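Below, each chain spelled out in residue letters.
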Amino acid sequence: MTRKALLIGIGPGGPDQLTVEAVRALNEVDVFLVADKEAAAGREGTGDLVALREEICRRHITGNNYRIVTVPDPPRDRAPVADHGYGRQVRDWHAARARAYTDAIVKHTRPDEVLGFLVWGDPSLYDSTIRVVERIRSCGVDLDYQVIPGVSSVQLLAARHRIVLNRIGGPITVTTGRRLGTDVARGADTLVVFLDGCLSCAELPGAGWDIWWGANLGTASEELVAGRLGEVMDAIRAARKRAKAAQGWVMDVYLLRRAAVS
Ligand SMILES: C[S@@+](CC[C@H](N)C(=O)[O-])C[C@H]1O[C@@H](n2cnc3c(N)ncnc32)[C@H](O)[C@@H]1O
């Protein structure tokens, strides 16, 4: 029997950030498979992310006819490596994740049950769930799946700052803190930056950048800062600390744009 799985984008943290389609999908699921990063890696604060997903289920699912199975997330090798080595590191980690999920599916679910993966933000952006599910299939699990889009943190960033990400008709580079310097050196002038706990934007040469920054968007500890990069870095660092202290974890995303020459 072919198992059915739903990969549901749940928005970037707030229980109000789900679409109607996502809520319908949540109500179809029998068993949610949730990665428990804290259990595996001793990473403080990530247990709160599991709690947040549980809260989303409680809030949006009618009745309690579902189970949550937590799957210990395999530890990830984060030793600094060059780009080609980084790709291999991540692929190895995806393979280990796929094995952990395959074990959990075989041990804790029946073939006729609908499986649910709660995907932070939108599944198409810096998320491994689709790749991991493809690997689960290649491990021999007979599984068909559907992807339900979610509100991404970058959409919420733009809405909160009331901005359009692109200049009229212009391109946007979507990147990570790790690649920011390279992308700027190659000429990108409008960039959305994910996964930058180190605030690499502070290292950019030249003063001519504007930034629209947000942390823990959609949650009670949301923080927003906007302005000329060189002038607001201290405010961003302070806001980052506040968000972490209030929530136990901090995630931030930002838009950088070369300031118009006046
Ligand atoms: C693994 S990626 C997941 C992105 C997610 N799929 C999305 O659509 O937003 C995690 C990164 O997304 C951004 N992010 C996710 N949730 C956020 C939030 N609530 N506030 C600010 N940034 C967030 C941060 O850059 C964080 O490092």
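The protein chain is annotated in an unreviewed UniProt entry as Precorrin-6A synthase (Deacetylating) from Thermobifida fusca.

Q: Give me the pairing of strand 1 (residues 3-9): which residues, what numbers.
A: Counting buried residues along strand 1, six of its seven residues qualify, which places the element largely inside the surrounding structure. Sheet topology note: the strand 1/strand 5 (residues 143-148) ladder contains six bridges and is parallel. Bridge pairing in strand 5 places R3 opposite L143. Both strand 1 and strand 4 (residues 114-119) contribute to a ladder of six bridges, which runs parallel. Within strand 4, the position partnered with A5 by the bridge is L115.

Q: So what's going on with the site of the ligand? Which residues, and what values?
A: Lining the immediate environment of the ligand, one finds 17 residues, of which P12, W120, L125, S153 and D252 sit closest. For the ligand, an oxygen atom lies 2.9 Å from a polar atom in the side chain of S152. Between the ligand and M251 there is a distance of 3.5 Å, counted from a nitrogen atom to a backbone nitrogen or oxygen. Here the residues of the shell around the ligand sort into 10 nonpolar, five polar and two charged. Counting contributing residues per domain, the shell around the ligand is built from domain 1 (3-148) and domain 2 (153-258), each supplying no fewer than three.

Q: Describe in detail the sheet that holds strand 9 (residues 223-228), supporting the description with residues and values.
A: Read across the sheet, five strands follow the order 6-7-10-8-9 without closing on themselves; strand pairing throughout is mixed. The open sheet is flanked by strand 6 (173-176) and strand 9, the only strands paired with a single partner. Ignoring strand direction, the axes of neighbouring strands in this sheet form an average angle of 15°. Sheet analysis places strand 7 (residues 190-194) next to strand 10 (residues 252-258), joined by four bridges and oriented antiparallel. Across the sheet, residue V192 finds its bridge partner in strand 10, namely L255. Sheet strands touched by helix 6 (residues 153-161): strand 7, strand 8 (209-215), strand 9 and strand 10. Its angle to strand 8, the strand with the most contacts, is close to 110°. Of the strands in this sheet, strand 8, strand 9 and strand 10 are in contact with helix 8 (residues 229-247), which crosses strand 9 at around 170°.

Q: Go over a nonpolar patch on the surface, please, and point to the residues and values.
A: Among the surface-exposed residues, Y126, I172, V174 and L195 lie close enough to one another that they form a single nonpolar patch of about 370 Å² accessible area. Of note, I172 is situated in the loop between helix 6 and strand 6.

Q: Go over the pattern of salt bridges with me, naming the residues and quoting the values.
A: Under the defined criterion, the tally for this structure stands at 16 salt bridges. We note a salt bridge from E55 to R59, for which the minimum N-O separation is 3.7 Å. Of the two residues, E55 and R59 are both situated in helix 3 (residues 46-60); the distance of four residues between them amounts to about one turn of the helix. We classify E55 as partly exposed; its relative accessible area is 29%. Look at R59 and you get partly exposed, because its relative accessible area is 44%. In this structure, R242 engages E223 in a salt bridge whose closest nitrogen and oxygen atoms are separated by 2.9 Å. Within this pair, whereas R242 is found in helix 8, its partner E223 is found in strand 9, the two being separated by 19 residues in sequence. For R242, a relative accessible area of 46% gives the class partly exposed.

What counts and what doesn't
For every chain, the first residue of the written sequence is number 1, and numbering continues from 1 along that sequence. Residue-level local features of this predicted model are given only where pLDDT is at least 70; pairs of side-chain atoms are given and counted only at 80 or more, and the full residue set underlies all totals for whole chains, interfaces and linings. Each side-chain value is worked out from all heavy atoms of the structure, with water and hydrogens disregarded. Working definition: with a 1.4 Å probe on protein chains only, accessible area under 20% of the residue-type maximum means buried, over 50% means exposed, and in between means partly exposed. A run of H or I in DSSP becomes a helix once it reaches four residues, and a run of E becomes a strand once it reaches two; helices and strands are each numbered from the N terminus. Think of it this way: DSSP has to see at least two bridges between two strands before they count as a pair. Being near a molecule or strand, for a residue, means having at least one of its heavy atoms within 4 Å of it. Pairing of N or O atoms within 3.5 Å defines a polar contact, subject to two protein rules: one partner must be a possible hydrogen donor and the other a possible acceptor, and residues neighboring in sequence count only if both atoms are side-chain atoms. Residues are grouped as follows: Ala, Val, Leu, Ile, Met, Phe, Trp, Tyr, Cys and Pro are nonpolar; Asp, Glu, Lys and Arg are charged; all remaining types, including Gly, are polar. An automatic or database domain assignment provides the domain bounds reported here. In this analysis an axis means a line fitted to C-alpha atoms, helices contributing only their contacting stretch, and an angle means the value between N-to-C directions, from 0 to 180 degrees. Residues count as neighbours in contact if any of their non-hydrogen atoms are within 4.5 Å of one another. Exposure above 30% relative accessible area and no salt bridge define the residues that can form patches, which grow by joining like charges within 9 Å and nonpolar side chains of Val, Leu, Ile, Met, Phe, Trp and Tyr within 5 Å. Per-residue and other accessible areas were derived by the Shrake-Rupley procedure at a 1.4 Å probe size, with only the shown protein chains allowed to occlude residues. Salt bridges are identified by distance alone: a Lys or Arg side-chain nitrogen within 4 Å of an Asp or Glu carboxyl oxygen.

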